[in-house]
Amino acid sequence: MEKLDVFDCSNVFIASYFTDDRGCAHCNREHTLIYIHSGELEITDGGRKTILRPGDCAFMRRDNRLWLQKRVKDGNPYRSVVMKFSRDYLKEFYQTLNRRDIPREARRDKSSLVKFQSNRPDVRGLFESVLPYFESETVPDDAILKMKMAAGLFAILKTDENLYASLFDFIEPWKIDIVDFMEKNYMNDLSMEEMAYYTGRSLATFKRDFKKVSELTPQKWLIRRRLEAARDLIRQGGHKVSEICFDVGFKNLSHFSKLYKDLYGLAPSFS
């Protein structure tokens, strides 16, 4: 009989237990560590596939979309533990670091997924130590949670010093470039609040920083960029206008057609 258990521990640790295979799309809203206790996990990130097996752990950067295929393997159920790091906690943790130990030359890697060396004692010890809490359905107190989270962060930073730039992307010199982020995500259905969050800013700071790089508001920039992409696809041929409309991020065909005609002077079907 199929069994599914998901235990959420203060939205910091989340344990999953499946007795059948399942796949799902995943949008990572927070920096995350995922550890495989049993079974197998295949992660597809931008066409690249990564397999995690028992004892494996990976860092998944915030602001990316992944496909997760969870599998029962060799008769063993799929069992994983996820550790999530909120921005508030990361800001708090950053203040505890010795500034002289922070590698200012670190640079944010384009990869959204970093697989750790298999069966690292520090990583395995950390995640295996929290399994009893899930088995007993007991939530550890805040002091223990923060101790475990700090151990998780140090494991990440020990893996690659460039991950400083990903974890602490809310400070200079590692703030995420707004235009670069929007170029990569303009087709996605993200609100301004979500874009601000993913770029490590408050909404007010996001709008202020965007004003430095564009005469358009963020909303108008998105519309203009989607229309430009739509025009390129129409000129290439081979696509229905209705398909292009939704592919570039619009939700309403008539609204898309009006905006397109206002900008280019022709209806999309005649461009």
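Owing to the predicted nature of the structure, the values given are computational and were not obtained by experimental measurement.

Examining the overall build of the chain
From N to C terminus, the chain includes eleven helices and ten strands. Along the three orthogonal principal directions, the C-alpha set of the chain runs to about 65 × 55 × 30 Å. Residues classed as buried in the chain amount to 46% of the 271 residues present. Counted over contacts in the chain with a minimum sequence separation of 6, partners at least 24 positions apart contribute 72%. Roughly 14200 Å² of accessible area belongs to the chain as shown, and the carbon and sulfur atoms make up 50% of that amount.

Description of unusual backbone geometry
Non-glycine residue N119 carries a positive phi angle of around 55°. Position of N119 among the secondary structure elements: in the loop between β10 (113-115) and α2 (121-128). The class of N119 is partly exposed, set by a relative accessible area of 40%.

Thoughts on the nonpolar core
The biggest cluster of nonpolar side chains holds 42 residues, and the ones touching the most others in it are F13, L33, F85, F127, F134, I156 and F168. For this core, the element with the highest residue contribution is helix α4 (residues 142-159), accounting for seven residues. If we ignore the near neighbours within four places in the chain, the residues touching L33 are C57, A58, F59, V81, V82, M83, F85, F116, F127, G152 and I156. Counting residues in each nonpolar core, the second largest holds 25 residues, with I176, F181, V248 and F256 among its members.

About the cut-offs
Residues numbered from 1 in each chain as written. Predicted model: local features only at pLDDT ≥ 70, side-chain atom pairs only at ≥ 80, totals over all residues. Heavy atoms only, no water. Helix = DSSP H or I, 4+ residues; strand = E, 2+ residues; numbered from the N terminus. Buried < 20%, exposed > 50% of the residue type's maximum accessible area, 1.4 Å probe, protein only. Contact = heavy atoms within 4.5 Å. Areas by Shrake-Rupley, 256 points an atom, 1.4 Å probe, with all protein chains shown as cover. Core = buried A, V, L, I, M, F, W, Y, C linked by side-chain atoms within 4.5 Å.

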